[in-house]
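# Notes for the structure review
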Amino acid sequence: MTTDILRDAEENGRVPFHFLYSTGLRMVRFTCLFLGVCIALFAVTVPSFGAGIQPQKDYTRDVDPFIGVDWGGNTFVGSAIPYGLVKLGPDMETFDGRRSGFGYSSNGVILGFSHLHLSGAQGKYGNILVAPVTGPLDLNDIKSPRTEEVAKVGYYAANLTRYQVKAELTSSRRVGFHRYTFAASQQAHITVNLAQAFGIGTDWQAQKFLGAEIHLTSNHEAQGVARFTGGWNRGGEYRVFYYMVLDTPAKAMRTWTGSSLTEVRDATVGADTPIGASFDFSTKANQVIQVKVGISFISAGQAKQSVQQEVPAWNFAAVHAASVALWNTELAKLSMTGETNSQRRQLYTAIYHVMLMPTDRTGENPDWKSSEPYYDDYYCIWDTFRTSSPLLTLIAPDRQRDIIRSLIDIYRHTGYMPDARSGNDNGRTQGGSNANVVVADAYLKGLKGIDYQTAFAAMVHDAEVPPADAQKEGRGGLKDYNEKGYVTLADERSGSRTAEYSYDDFAISEVASGLGKTKEAALYASRAHNFEHLWDKDMTVQGFKGFMRPRNQDGTWAPPYLVVRGTWPDFFYEGDIWTYSIYAPQDMKRLIEMAGGKDAFVHRLDWTFLRGHFDVTNEPGFLLPVLYNYAGRPDKTADIVHMVLEKAFTDSRAGIPGNDDSGAMSSWLIFSTLGIFPVAGQDIYLISTPSIPDVSLALGDGKKLRIVARNLDGNGLNRYVQSATLNGVDLPNAWFRHAQIKDGATLVLSMGSAPSEWGKATPPPSMSDATSSLRTAVQGASTDH
């Protein structure tokens, strides 16, 4: 329990969920016309990704934004377009006064509607809070219970019962559109609060309000800037510029600085001083007042320009319809036959969650001018590199290309590709420099339009240049790692860092080899086995021999680290010895040998799941269920994947077992339900067990990957693959390469109720295979030496 409390503290409220195999613990868990005129509203600002897909139906009706709001999922509720800068949604506090760290709460009251949110994470944003009020205006008490709440793609609505106002929200890329329907009232107000944000406080990772300006430029307009710093990534100052315009002139306007309202039209405050404005009206019954708020990180003038360009008319329905059309283009990339209603809701919602972040801020970079795309809110790559990046490479390659181009441009101007980034600032770091894996994944899968030479320079910089602030970017403990081959206890998270740096170096060696850089390929391939330097072959725990163990600066072994779930200062982060000791996707063949061979490794995996060491809520364990494939037991992979899907994921508000982490959990769900799983940073997909009889993913340019599961039953009894074909050719292996599907493919899996011999003979590739080019490179370098 102490560890759980620590975990909550360090990641701002994730509710931990230990998946116990032995106990079978279960978790408590309008049709829109596709109008070209709607799309035209966005043509000046939204690039056309996934062009050519013309949805024939409204897929958004199967998206439920409430999935994952409880049980620590922290998913965004409100309006956003794919990768939209503006995420307009309600900010809430519970009935006992505890404010949500990410915006939404299933229980409690609405404080207002802010324009910047994360999804699947918390601790940042909640800026430019707009709230409708009736009656006397008490600046210290603007909140209301709500009823008749509706959340759909590009739309949120609720009745604010205290004020008798119906609130409705929609948005474009950089503009939030509010529609408020008032009761008859002599005192009706639309307020904007500039000093509010999530987690304002004095804690080391709290956000801090630095000051703001407001200028009432007419009886229906306001503009200015609000300044903040800190938050979960401990980032530097970020400035949110805004332009607010109402469709109804106000009877009166007032501003506040501190606790009193005045007739002053222009106001400026410094840190920690309340500031805002009220537009005052006398309303008739059912009077509608609409508000548009443009957001920019450049200037209030640019925010105003966004309003004029993106939402030129006062047509709420058209803006909503345009959002739905954009989302349908993305959601149409998945088609299914034979799925349950629950599976359909889960998967379309999962795609929706994956595409909320990172945020496309091209044209909104306050720090440098560039012709490259600019994305922010990589929150965090150490989670999304495992499943979200490979998914986007498959179904949204143009988007993934631009995301990686942005990472490279961030390196050009800051010195590092981030491990996480938010508020236009790098930070924090966790396990490795996992943008390296993102680049390698794209390179090996042939993603075009990326400057891989500069990307490689960025990877090498990660691997060779110690950062000034290791919590912000780069690799902590790098000097020891490069000199000794491991990170010592002199640096935090030395175990998880060593494991992940080893895989990051493998990723560097892959790209080096492809670019013809043989010397570098050999160097980083040799470092890919650095995880072995923390492997104590004699360490025995619960009958199993060989685990990662801390080492002191002098090289001696430190006491074993047996904490179930580590946090920031610990040997392992978000995992234990059972997870990290077998994290070596670059060379599972070698690791299985170190663990005593295939039978011993299978027994160890069994124990990991039986004894609750598998933590589905945390991404370091994402590969564990499919590791059986490397030991010739794809049937056991099928058992675990089926069980996790059944018990840990639902279509309820508690349907995601922990932080969605920018869609990382959601993308794990997608791959696992389809029955294939990517080994991020490699061109390999492992086959597990499909849960839907017929699924297709659009790969772009009219190509599709279709997965057909013959004889699949609704209860998952026939979950074992008996045989497989890929493009009509027999596939004896429980894995395949990206090259086999990149031009479109059909994977047919014949399912049965008992394990078969299929998939056992040839394991997925490993670095120590005789045919591995990287093994040859290392051996050649050793001979030359």
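Keep in mind it's a predicted model, so treat the numbers as computed, not measured. (Residues numbered from 1 in each chain as written. Predicted model: local features only at pLDDT ≥ 70, side-chain atom pairs only at ≥ 80, totals over all residues. Heavy atoms only, no water.)

## Regarding the environment of Asp-96
Within the element layout of this structure, Asp-96 appears in the loop between strand E1 (89-93) and strand E2 (109-114). Within the structure, Asp-96 has its side chain in polar contact with the side chain of Thr-94 (distance 2.2 Å). (Helix = DSSP H or I, 4+ residues; strand = E, 2+ residues; numbered from the N terminus. Polar contact = N/O pair within 3.5 Å; in protein donor to acceptor, adjacent residues only side chain to side chain.)

## Focus on helix H4 (residues 316-331)
For H4, built from 16 residues, the straight-helix expectation of 22 Å at 1.5 Å per residue is met to within 8% by its first-to-last C-alpha distance of 23 Å. Along H4, 15 of the 16 residues are buried, which leaves the element largely enclosed by surrounding structure. (Expected span 1.5 Å × (residues − 1). Buried < 20%, exposed > 50% of the residue type's maximum accessible area, 1.4 Å probe, protein only.)

## Examining the pairing of strand E9 (residues 207-218)
Pairing geometry for E9 and strand E10 (residues 221-230), over 9 bridges, is antiparallel. Bridging from a neighbouring strand, Gly-211 pairs with Arg-227 of E10. Examined bridge by bridge, E9 and strand E14 (residues 266-269) share 4 bridges and lie antiparallel to one another. By the bridge assignment for E14, Glu-213 is matched with Thr-268. (Pairing = 2+ DSSP bridges.)

## Digging into the pattern of salt bridges
Applying the stated rule across the entire model yields 48 salt bridges. For Asp-91, the salt bridge is made with Arg-99, and the minimal N-O distance between the two is 3.5 Å. A residue is classified by how much of its surface remains accessible, and Asp-91, at 0% relative accessible area, is buried. Classification of Arg-99 by relative accessible area gives partly exposed; the value is 21%. Here Lys-703 and Asp-743 are joined by a salt bridge, their closest N and O atoms 3.3 Å apart. (Salt bridge = Lys/Arg side-chain N within 4 Å of Asp/Glu carboxyl O.)

## Points about the sheet that holds strand E4 (residues 146-152)
The strand order across the open sheet formed by 9 strands is E4-E5-E6-E7-E16-E11-E10-E9-E14, and the pairing between neighbours is antiparallel. Two strands in the sheet have a free side with no partner beyond their single neighbour: E4 and E14. Across the sheet, the mean angle from the axis of one strand to that of its neighbour is 15 degrees, orientation sign disregarded. Most of the contacts of helix H3 (residues 300-310) go to strand E11 (residues 235-246), to which it runs at about 50 degrees, and overall it touches strand E7 (175-182), E10, E11 and strand E16 (287-296). Lying over the sheet, H4 contacts strand E5 (155-160), strand E6 (165-171), E7 and E16, oriented at roughly 45 degrees with respect to E6. (Axes fitted to C-alpha atoms, helices over the stretch in contact; angles between N-to-C directions. Contact = heavy atoms within 4.5 Å.)

## Observations regarding the sheet that holds strand E25 (residues 684-687)
Spatial ordering of the open sheet is given by E24-E25-E30, a layout of 3 strands whose pairing is antiparallel. The open sheet has two edge strands with one neighbour each: strand E24 (676-678) and strand E30 (735-737). Mean inter-strand twist for the sheet, computed between neighbouring axes without regard to direction, equals 30 degrees. Where E25 lies against E30, 3 bridges are found, and the strand directions are antiparallel. Along E30, the bridge assignment pairs Tyr-685 with Phe-736.

## What to know about the packing of helix H9 (residues 435-444) against helix H12 (residues 494-514)
For the pair H9 and H12, interaxial distance at closest approach is 9 Å and the crossing angle is 35 degrees. For the pair H9 and H12, the crossing hand works out as left-handed. Together, Asn-436, Val-437, Ala-440, Tyr-443 and Leu-444 of H9 and Tyr-503, Asp-504, Ala-507, Ile-508, Glu-510, Val-511 and Gly-514 of H12 make up the contact between the two elements. Of the residues contributing to the contact of H9 with H12, the split by class is 8 nonpolar, 2 polar and 2 charged. (Left-handed = near helix turned anticlockwise from the far one by under 90°. Nonpolar A, V, L, I, M, F, W, Y, C, P; charged D, E, K, R; others polar.)

## Comments concerning the packing of aromatic side chains
Geometry of an aromatic ring pair is reported as the spacing of the ring centres plus the angle between the planes. Applying the stated rule across the entire model yields 35 aromatic pairs. Plain terms: the ring middles of Phe-571 and Phe-572 are 4.4 Å apart, the flat faces sit at 50 degrees to each other, and that makes the pair tilted. Take Phe-571 and Phe-572: they sit in the same class, and that class is buried. Centre to centre, the rings of Tyr-685 and Phe-736 are 5.4 Å apart; their planes meet at 20 degrees, and the pair counts as stacked. Highlighted residues: Tyr-685 in strand E25 and Phe-736 in strand E30, separated in sequence by 51 residues. As far as the burial class goes, Tyr-685 and Phe-736 line up, both buried. Here the aromatic cluster, defined as three or more aromatic residues joined through ring pairs, consists of Trp-232, Tyr-379, Trp-382, Trp-568 and Tyr-573. Taking the ring centre of Tyr-501 as reference, the NZ or CZ of Arg-475 above it sits at 5.0 Å. One residue, Arg-604, lies across the ring of Phe-547, its end atom 4.3 Å from the ring centre. (Phe/Tyr/Trp six-rings, centres within 6.5 Å; stacked < 30°, edge-to-face > 60°. Lys NZ or Arg CZ within 6 Å of the ring centre and 35° of its normal.)

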